[in-house]
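Observations on the model geometry
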Amino acid sequence: HVDRGVIFPTAETQPRGTFLVSGYDFYLYRLGYAFTDWLQASVAAIPPHGRQYRETAAFGDLSLKARLYRNPWFRVGGTLGYAAASAAFEEPRGYQHLRFGVMGTLCLEATCQIGFTPALHGFVTTRSDHDHFLVASFGLVAHAGRGFALLLEPSQFVWFSEGENDRGVLLSYGLRMHGERVAFDL
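Residues numbered from 1 in each chain as written. Predicted model: local features only at pLDDT ≥ 70, side-chain atom pairs only at ≥ 80, totals over all residues. Heavy atoms only, no water.

**With respect to the pattern of salt bridges**
Tallied over the full model, the rule gives 7 salt bridges. When the shortest N-O distance is used, the salt bridge between Arg30 and Asp3 registers 2.7 Å. Remark: Asp3 occurs in the segment before strand 1 (19–24) and Arg30 occurs in strand 2 (residues 28–36); sequence separation between them is 27 residues. Judged on exposure class, the residue Arg30 and its partner Asp3 are both buried. Linking Arg4 and Asp185 is a salt bridge whose minimum nitrogen-to-oxygen distance equals 3.1 Å. In this pair, Arg4 is assigned in the segment before strand 1 and Asp185 in strand 11 (residues 183–185), connecting sequence segments 181 residues apart. A residue is classified by how much of its surface remains accessible, and Asp185, at 25% relative accessible area, is partly exposed. A single salt-bridge network, built from bridges that share partners, covers Glu12, Arg67, Arg70 and Arg75. (Salt bridge = Lys/Arg side-chain N within 4 Å of Asp/Glu carboxyl O. Helix = DSSP H or I, 4+ residues; strand = E, 2+ residues; numbered from the N terminus. Buried < 20%, exposed > 50% of the residue type's maximum accessible area, 1.4 Å probe, protein only.)

Structure (structure tokens):
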């Protein structure tokens, strides 16, 4: 759970040799592996569902994340990924996109029990007739006691379409109950 806030990543990576499994609302699943203390890869997917695959929506995302710098008070990380969705997503905005991001986690005390992660992510579609967008997020993870952390993650989205721009805001929050190896977010 150290490598992400609610939705967006922190600048931290998992320890070398760690295999990770995440599920979001029992619908989106993520599997990953940390090759070193500073490099991990993951795949996320919404598996096809329904009776016939042709009528369902499927989504997949491959990503590589690196922690570029770390000291007790500050971490810097970067991510690169590729996502694709099935034909069910094509009306009106199906997509295949490249994703890149940079994150910096500022620890507000030496053990990083309270961490603030500003991040900027860019999404570039591989089709010229689709939107491109930027996401600025500001994640906060604050450990509130042994095995509990409070999560807050406001995000600002900016879409760049042909001839027009649009904006959106997302506020994610929750409670993380965690042990050393397992976490559950509400």
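**Quick look at unusual backbone geometry**
Of note, Cys112 is a non-glycine position whose phi angle comes to about 60°, a positive value. Here Cys112 is to be found in the loop between strand 6 (96–107) and strand 7 (114–125).

The quantities given are spatial measurements derived from coordinates; they are silent on function.
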